[in-house]
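# Coordinates in review
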Amino acid sequence: MTPSSSPVVSSLSDVAGQLQALESAIETVVRGKHEVVRLALVTLVADGHLLIEDVPGVGKTTLARTLSRALDCSFQRIQFTSDLLPSDVLGLSVYDQVSGRFEFRPGPIFANVVLADEINRTTPKTQSCLLEAMAEGRVTIENQTFELPKPFIVLATQNPVEHHGTYPLPESQLDRFTMRLSMGYPSAEDERQILLGKARRDPLLEMKPVLSAADMLALQERARTVRMDDALVDYLLRIVNATRTSELLEMGVSPRGSLALFRAAQAQALFDGRDYCLPDDIKRLAIPVLSHRVIVSPRYAGGGRETDDARSALEEILKTVAVPL
């Protein structure tokens, strides 16, 4: 498959065809993770950013690299470490002796797809250099503002079980991610296929781009036109308001979280070949979009992982919010 020659998407069937081709291509590498692949692509079409959190070796980085290869876009990987500086990410000005002037050298953040590997291993100072980029698609360096290429997505990975040498992401950073996903272990048959495939040749090396940057921008623009009735908007807002008033949670969802759920639901509708949203779009996406934006009250924490506690609290909240008919 080759990138589409035209960024124009004229019908829902064209949209569905492009998205299915992209999804199928990624699943030739990331096996047995249909839901994870779908949600990652929903994040991309919603013009958001993705945090992949799980134990080592289950395919977090592979998913990020596969997604970047499936798009005919620029890609940069940043290995976050404790000694990484903001200038290592954003870039810096270097003196040119020939011209006698300082020239700006862009850092790896100036790419369409940025893999922030083990993002919680760097200091808060370096983590914070991503805030403006993820929220506004631009960066300010030495009093100058530079626009980032479009489309732009940060795919970050982190290991939730290692605590030595890590710096937990603050709420302001977590709130920039549209979704937080977990890969999970593969089934026995999927792991068998992974072993056999890797033994012959890494399928990631053979992947060809499916869509171009222009195609993805057109899909993102089309997603913004998907209709959401007033009753569904009210349903979404009731869920969000419930997180702010529930005794299960110490901190509820921000307006940025409301917007992320709105846009993700629009993107999900496109994958199903619809130009309108359904209540199931919102309910299906509520946990991956909202769970990392809330803080569970210590009185109701289960003593396990924060991720599991947040998921359980949101599941209880969703049961209490009436679904529009």
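In what follows, the structure referred to is the one given above.
Now for a look at the structure at hand. (Residues numbered from 1 in each chain as written. Predicted model: local features only at pLDDT ≥ 70, side-chain atom pairs only at ≥ 80, totals over all residues. Heavy atoms only, no water.)

## Some remarks on the pattern of salt bridges
Selection rule: The rule for a salt bridge is simple: a side-chain nitrogen of Lys or Arg has to be within 4 Å of a carboxyl oxygen of Asp or Glu. Numbering goes from the N terminus for both helices and strands, where a helix is a DSSP run of H or I of at least four residues and a strand is a run of E of at least two. Burial classes: relative accessible area under 20% of the type maximum marks a residue as buried, over 50% as exposed, and values in between as partly exposed (1.4 Å probe, protein chains only).
On inspection of all chains with the given rule, the structure shows 15 salt bridges. In this structure, Arg 284 engages Glu 35 in a salt bridge whose closest nitrogen and oxygen atoms are separated by 3.0 Å. With a gap of 249 residues between them, Arg 284 in helix H13 (residues 279-290) and Glu 35 in helix H2 (residues 34-45) connect regions that are remote in the sequence. Given a relative accessible area of 37%, Glu 35 falls into the partly exposed group. Of the charged contacts in the structure, one is a salt bridge between Asp 272 and Arg 274, with a shortest N-O distance of 3.0 Å. The class for Asp 272 is partly exposed, based on a relative accessible area of 39%. Of the residues examined, Arg 274 reaches a relative accessible area of 10% and is grouped as buried. The structure contains a network of salt bridges with shared partners spanning Glu 23, Arg 38, Asp 272, Arg 274 and Asp 281.

## Description of the sheet that holds strand S1 (residues 50-53)
Stated precisely, the cut-off is as follows: Here a strand pair is declared whenever DSSP counts at least two bridges between the two strands. Fitted lines through C-alpha atoms serve as axes, helices being fitted only where they are in contact, and the angles separating the N-to-C directions of these axes extend from 0 to 180 degrees.
Strand order in this open sheet of five strands is S3-S6-S9-S1-S10, and the pairing throughout is parallel. Across the chains shown, the open sheet's two edge strands, defined by having one partner strand only, are strand S3 (75-79) and strand S10 (179-181). Averaged over neighbouring strand pairs, the angle between their axes works out to 15° when direction is ignored. Here S1 pairs with strand S9 (residues 153-158) via four bridges, running parallel. Among the inter-strand pairings, Leu 50 is bridged to a residue of S9, identified as Leu 155.

## Considering the side chain of Thr 243
Basically, it comes down to this: Contacts are residue-level and defined by heavy atoms, with any inter-residue pair within 4.5 Å sufficient.
Locating Thr 243 in the fold gives a position in helix H11 (residues 230-245). Once residues within four sequence positions are removed from consideration, Thr 243 is found in contact with Leu 249, Met 251, Gly 252, Val 253, Val 294, Leu 314 and Ile 317.

## Brief notes about H2
Every α-helical turn comprises 3.6 residues, leaving residues that sit three or four positions apart pointing alike. Using the following cut-off: The span you would expect from a helix comes to 1.5 Å times its residue count less one.
In this model H2 runs 16 Å from its N-terminal to its C-terminal C-alpha over twelve residues, within 8% of the 16 Å that 1.5 Å per residue would give. The buried fraction of H2 amounts to ten of the twelve residues, a majority that puts the element mostly inside the structure. Residues of H2 that are buried include every one of Val 36, Val 37, Arg 38, Leu 39, Ala 40, Leu 41, Val 42, Thr 43, Leu 44 and Val 45, and no others. Asp 47 sits one or two positions beyond H2 and adopts a positive phi of about 60°.

## Comments concerning H13
The end-to-end C-alpha distance of H13, which contains twelve residues, comes to 16 Å, matching closely the 16 Å that a straight helix rising 1.5 Å per residue would cover. In terms of burial, H13 is largely enclosed, as nine of its twelve residues are buried. What H13 keeps buried is the set Pro 279, Asp 281, Ile 282, Leu 285, Ala 286, Ile 287, Pro 288, Val 289 and Leu 290. Residues of H13 that are buried sit in contact with H2, S10, H11, helix H12 (255-271) and helix H14 (306-320).

## Re unusual backbone geometry
The omega torsion of the bond from Lys 150 to Pro 151 falls at 0°, within 30 degrees of zero and hence cis. Mapped onto the elements of the fold, Pro 151 is located in the loop between strand S8 (144-147) and S9. A positive phi is found at Glu 118, a non-glycine position, where the angle reads about 55°. When you line up the elements, Glu 118 lands in the loop between strand S6 (113-117) and helix H5 (124-127).

## Topic: the environment of Arg 263
With respect to the helices and strands, the residue Arg 263 is situated in helix H12. You can call Arg 263 partly exposed: its relative accessible area is 35%. The spacing of Arg 263 and His 34 is 229 residues in sequence and 21 Å in space, taken between C-alpha atoms.

## What to know about the environment of Gln 193
Mapped onto the fold, Gln 193 is located in helix H8 (residues 188-200). Given a relative accessible area of 30%, Gln 193 falls into the partly exposed group. Sequence separation of Gln 193 and Ala 265 is 72 residues, and the distance between their C-alpha atoms is 33 Å.

## Things to note about the nonpolar core
Stated formally: For our purposes a nonpolar core is just a set of buried Ala, Val, Leu, Ile, Met, Phe, Trp, Tyr and Cys residues, chained together by side-chain atoms within 4.5 Å.
Counting 74 residues, the largest nonpolar core has Leu 22, Ile 26, Leu 63, Met 179 and Ile 282 as the members making the most contacts within it. Ignoring sequence-local partners within four residues, the contact set of Ile 26 consists of Val 37, Leu 41, Leu 63, Thr 66, Leu 67, Ala 70 and Met 207. If you look at the next biggest cluster of nonpolar residues, it comprises 25 residues, including Ile 78, Ile 119, Leu 130 and Leu 174.

## A few points about the environment of Ala 40
By the element assignment, Ala 40 lies in helix H2. According to the relative accessible area criterion, Ala 40 is buried, its value standing at 1%. Once the C-alpha coordinates of Ala 40 and Leu 63 are considered, the two residues, 23 residues apart in sequence, prove to be 8.8 Å apart. In contact with Ala 40, not counting residues within four places along its chain, are Leu 50, Leu 63 and Leu 181.

## Things to note about the packing of H11 against H12
A packed helix pair is summarised by two numbers, namely the angle formed by the two axes and the spacing between the axes. Here is the rule we go by: Note on convention: near helix rotated counterclockwise from far helix by under a right angle means a left-handed crossing. Clockwise means right-handed.
Between H11 and H12, the least distance of the axes is 10 Å, while the angle of their chain directions is 145°. Of the two elements, H11 crosses H12, and the hand of that crossing is right-handed. Residue-level contacts link Val 233, Leu 236, Val 240 and Arg 244 of H11 to Pro 255, Ser 258, Leu 261 and Phe 262 of H12.

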